[in-house]
Amino acid sequence: MKMRFAGAATTAFSVLLGTVATAPAPALADSSRNLSIKSVGDLVVDGVHQRVFVSDPDSGKIVATTYDGTIVATATGLPRVTGLALSADGGKLYGALESSRAIVALSAAGLTDPVRYDLGTGVYPVALENVAGKLWFTYDDFGSFPYAGADGNIGSLDLSGAEPAVTAPLDTTGAYGIWHGAPELTSAPGDSGLLAAFDPHSSGGTIGVYNVSGGTFTRTEAGQVGSGYTRSVAFTPDAAQVLVADTNGVTIAGSADLAEVGSYPIGDWGWAVAAASDGTVATAGPTLKVFAPGGTAPIREYSLPDTDPVSTGNDRVAERGLAWEPGGNRLFAVTENYSEIHHLRVYTEPKKSLPSLKLSGPASATRAKPITITGSLTASLPLPAGTPVTVTRTDLEYPSGKALGTRTTAANGSFSFTDTTSAGGTVTYRVSYAGDATHAAVSATKAVAVSRTAPSLAINNNGKVYGYGSTASFTARLGTTYKNRTVEIWADPYGGDLGRRLLKRAVVNSKGTIAVNLKLYRNTAVTATFTGDARTAAKTAGATVYVKVPVSLKLSRHYRSSGGYKLFRKKTAAQFTVRMPAHSGRKAFVQLQVHYNGRWQNLAYDYFPTSGGTALVALSGGGLVGYKLRVRAAYRKGGSGDNVNYTTYTPYSYLKFTK
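Along the backbone of the protein chain there are 0 helices and 55 strands. Relative to the compact-globule value of 26 Å for 659 residues, the protein chain shows a C-alpha radius of gyration of 43 Å, a clear excess of over 25%. Along the longest, intermediate and shortest principal axes, the C-alpha atoms of the protein chain span 130 × 70 × 40 Å. By residue count, 49% of the 659 residues in the protein chain fall in the buried class. Split by element, the accessible area of the protein chain, about 29000 Å² in all, is 49% carbon and sulfur. Each charge class in the protein chain can be summarised by its mean position, and for the 62 positive and 46 negative side chains these summaries are 40 Å apart.

Okay, here's the thing in structure tokens:
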């Protein structure tokens, strides 16, 4: 005996006398922008036009950004451009082109109109400073005579005359000079005319101080400062001291004699150091720290993020990648990671201590009962007793916030307040400190879950079964509430293709009810939702209704009917046509039984795919002649390929095969 699809596809009705199984969710920079560069040669800040310039030796370009890091201009075709310097009026930007043995001048406004100044054979410039009317540059001469034993030196470019004048070498003290490779260079602020050179390539830690006031060049002091492998040097605003970042941190030394007089505790290798016009010092090591002049504890500390998509580890400030806004408060840092991704990070209040504001209190409370919140306000620069903080409460009755006045701190920074709210739900207390000249503003919040009365809400028809296409009337009933009397009724038909939709949103009537009619074609979850109010909790009530499908079974190819049975010749396969509403992946269940030993018993059953809601099944009569047979079809929730309807069977149809 075999049942099969009529047509091209053929499937055995393979399950005999068996059962059927049915199928059953930091502190970071105030702003940060990607610079699209591969390396950092130098960083210069123009305080007049509020521009930041960064050179990229590996790519041979200079980028100009606004103070927030937005790139506004790029100059390319500048091979190995390293040191940068601005003209006195900020109109020109100069760049040292190491591999071209030249200095280039560009319009600072757009990095256009390049003019090259050749420095001569064997002069490969690296660092650049504009002091006392001349451009001072360091360079590597790659062993040019007579300084073959010391291949680094300092030169100048004077553009004040009718023709550019290059003078090099300048540091000829001693037989061969003191620089093993081109040193780096930095200048003192103001009109002191001091330059400091340092060697980042060796462990000697050599620093050279030069006086170039009036256009002359004199080495005033040279010696070792710190622990060697110097990465950055900066002058204090009065030019009396130099700050040296190296393998052990940041050392403070007198600029006149290079005697060490102190240090800034940064905890590890110092990559960069910069001094602001008021003497505030920024240091870059494992973290970025800001110190008051000569301070032993940082005013502010910033941890850098890990932006590397490949390697693990925080970014670090690049060498020569740290600078203050001239005469201002902003701090600029160019950071890098192992994947050569560079960001310009702009810190807007680095000179202000960032207080720590902490709040504690109960996680939950009873409505209309007192709630006590305690807190503490502390800072690296201690705040005095009596420091004011403001308190605001936000709740369902005051969604925009209600001012609760001002509290003051005790000597240890502690404070507390007690409040009673008539509203329930999430009540949020915000405490704010406005900040002052030396402290940044800060705020903190504490949320308390305040109890609300639970309302009654119900909806009818749960569990009812409806015919396909029939209309059901749903009524939701809401009990006593504080103010809100609005109820929503939603319908979510089974299956993922239709989605949940709002049937009605309205204020309940005087009896507390709201009703809506819904035409049903699928099993549907219907929910009534009350969103709550200041004193009444939200509530949802649900009802699931089920919908039968119209399933039909038609027998054909019989030669006649007799006694309620359709008769088929054994050589003619009986055809069963099953029809039901179409649905993606839907299958028809067909069950065949035989009357044997005085009762009906399962003979075979299986699921058959439908096309447009129709399945054709063929049953051959071989071996079934003379038996009483009956067959029925069904849509079965889950087993028929979906669960969007209620299991529905057709009546049995009776048949026999004859010779």
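Let us look at the sheet that holds strand S17 (residues 206-211). The sheet built from 4 strands is open, its strands ordered S15-S16-S17-S18 with antiparallel pairing. On the outer flanks of this sheet lie strand S15 (184-187) and strand S18 (218-224), each paired with one strand and no other. For this sheet, the mean inter-axis angle between neighbouring strands, taken without regard to orientation, is 20 degrees. Looking at chain direction, strand S16 (residues 194-198) and S17 are connected through 5 bridges and run antiparallel.

To continue, consider the side chain of Thr283. When you line up the elements, Thr283 lands in strand S24 (residues 281-284). On the accessibility criterion, Thr283 (0% relative accessible area) is buried.

Note that Thr650 resides in the loop between strand S54 (648-649) and strand S55 (653-658). Here Thr650 falls in the buried class, since its relative accessible area comes to 6%. The contacts of Thr650, once residues within four sequence positions are left out, are Val551, Ser552, Leu553, Arg632 and Ala633.

On to the nonpolar core, then. Among the nonpolar cores identified, the biggest contains 26 residues, and Phe576, Val578, Leu619, Leu629, Val631, Leu655 and Phe657 are the most heavily contacted of them. In this structure, Phe474, Ala528, Val545 and Val547 belong to the second largest nonpolar core, which totals 22 residues.

What follows concerns the packing of aromatic side chains. For the coordinates displayed, the defined rule picks out 16 aromatic pairs. Where Tyr468 meets Tyr521, the ring centres are 5.3 Å apart and the plane angle is 75 degrees; that geometry is what we call edge-to-face. Taken as a pair, Tyr468 in the loop between strand S39 (465-466) and strand S40 (471-478) and Tyr521 in the loop between strand S43 (513-519) and strand S44 (524-530) lie far apart in primary sequence, 53 residues in all. Aromatic rings pair up to connect Phe589, Tyr605, Tyr607 and Tyr649 into one cluster. Above the face of the Tyr652 ring, Arg630 is positioned so that its terminal group lies 3.8 Å from the ring centre. When the ring centre of Phe589 is taken as reference, the NZ or CZ atom of Arg636 above it lies at 4.5 Å.

Before going further, it helps to examine the pairing of S18. Where S17 lies against S18, 6 bridges are found, and the strand directions are antiparallel. Following the sheet pairing, Thr206 is matched in S18 by Gln224. Here S17 folds back onto S18 in antiparallel fashion, the turn holding 6 residues, of which Gly214 has a positive phi close to 75 degrees.

Further remarks concern the sheet that holds strand S26 (residues 300-302). One open sheet holds the 4 strands; their spatial order is S23-S24-S25-S26, and the pairing between them is antiparallel. Across the chains shown, the open sheet's two edge strands, defined by having one partner strand only, are strand S23 (272-275) and S26. Strand-to-strand twist across the sheet, computed as the mean angle between neighbouring axes with direction ignored, equals 15 degrees. As defined by bridge partners, S24 adjoins strand S25 (residues 288-291) across 4 bridges and the pair is classed as antiparallel. Looking across to S25, one finds that Thr283 is bridged to Lys289.

With that settled, the discussion passes to the confidence of the model for the protein chain. In the predicted model, the protein chain carries a mean pLDDT of 92, and 93% of its residues have values of at least 70. In this model residues 1-29 is a low-confidence stretch, pLDDT under 50, and it forms 69 contacts with partners more than four residues away in sequence or in other chains.

Here we come to the environment of Phe576. Of note, Phe576 is situated in strand S49 (residues 574-579). With relative accessibility at 0%, the residue Phe576 sits in the buried group. Distance from Phe576 to Glu184, taken between C-alpha atoms, is 94 Å for residues 392 residues apart in sequence.

For the rest of this paragraph, the subject is the environment of Arg101. Counting through the fold element by element, Arg101 comes out in the loop between strand S8 (92-97) and strand S9 (102-107). Along the sequence, Arg101 and Val273 sit 172 residues apart, while their C-alpha atoms lie 28 Å from each other. Residues within four places of Arg101 in sequence aside, it is in contact with Tyr117, Asp118, Leu119, Gly120, Thr121, Gly122, Val123, Tyr124 and Pro125.

Scanning the entire structure with this criterion turns up 18 salt bridges. For Arg116, the salt bridge identified is with Asp118, shortest N-O distance 3.5 Å. Take Arg116: its relative accessible area is 46%, and that puts it in the partly exposed class. Since its relative accessible area comes to 54%, Asp118 is described here as exposed.

Counting buried residues along S44, 6 of its 7 residues qualify, which places the element largely inside the surrounding structure. Pairing between strand S41 (residues 486-493) and S44: 6 bridges, direction antiparallel. When the bridges of S44 are listed, Trp490 appears paired with Thr527. As paired strands, S44 and strand S45 (residues 539-547) are joined by 7 bridges and run antiparallel to one another. What sits directly across from Ala528, in S45, is Ala541.

Right, let's talk about unusual backbone geometry for a bit. Residue Pro169 follows Ala168 across a cis peptide bond; omega there is -5 degrees. A positive phi is found at Tyr229, a non-glycine position, where the angle reads about 50 degrees. Inspection of the secondary structure puts Tyr229 in the loop between S18 and strand S19 (232-235). In this structure, Glu340 is a non-glycine residue whose phi angle is positive, near 60 degrees.

Note on placement: Lys464 falls in the loop between strand S38 (457-459) and S39. What makes Lys464 partly exposed here is its relative accessible area of 43%. Along the backbone, Lys464 and Val547 are 83 residues apart, and their C-alpha atoms lie at a distance of 8.6 Å. Each residue touching Lys464, except ones within four places of it in the same chain, is listed here: Thr544, Val545 and Tyr546.

Conventions adopted
Residues numbered from 1 in each chain as written. Predicted model: local features only at pLDDT ≥ 70, side-chain atom pairs only at ≥ 80, totals over all residues. Heavy atoms only, no water. Helix = DSSP H or I, 4+ residues; strand = E, 2+ residues; numbered from the N terminus. Rg over C-alpha atoms; globule rule 2.2 N^0.38 Å. Buried < 20%, exposed > 50% of the residue type's maximum accessible area, 1.4 Å probe, protein only. Areas by Shrake-Rupley, 256 points an atom, 1.4 Å probe, with all protein chains shown as cover. Lys, Arg positive; Asp, Glu negative; His and termini not counted. Charge placed at Lys NZ, Arg CZ, Asp CG, Glu CD. Pairing = 2+ DSSP bridges. Axes fitted to C-alpha atoms, helices over the stretch in contact; angles between N-to-C directions. Contact = heavy atoms within 4.5 Å. Core = buried A, V, L, I, M, F, W, Y, C linked by side-chain atoms within 4.5 Å. Phe/Tyr/Trp six-rings, centres within 6.5 Å; stacked < 30°, edge-to-face > 60°. Lys NZ or Arg CZ within 6 Å of the ring centre and 35° of its normal. pLDDT = per-residue confidence, 0-100. Salt bridge = Lys/Arg side-chain N within 4 Å of Asp/Glu carboxyl O.

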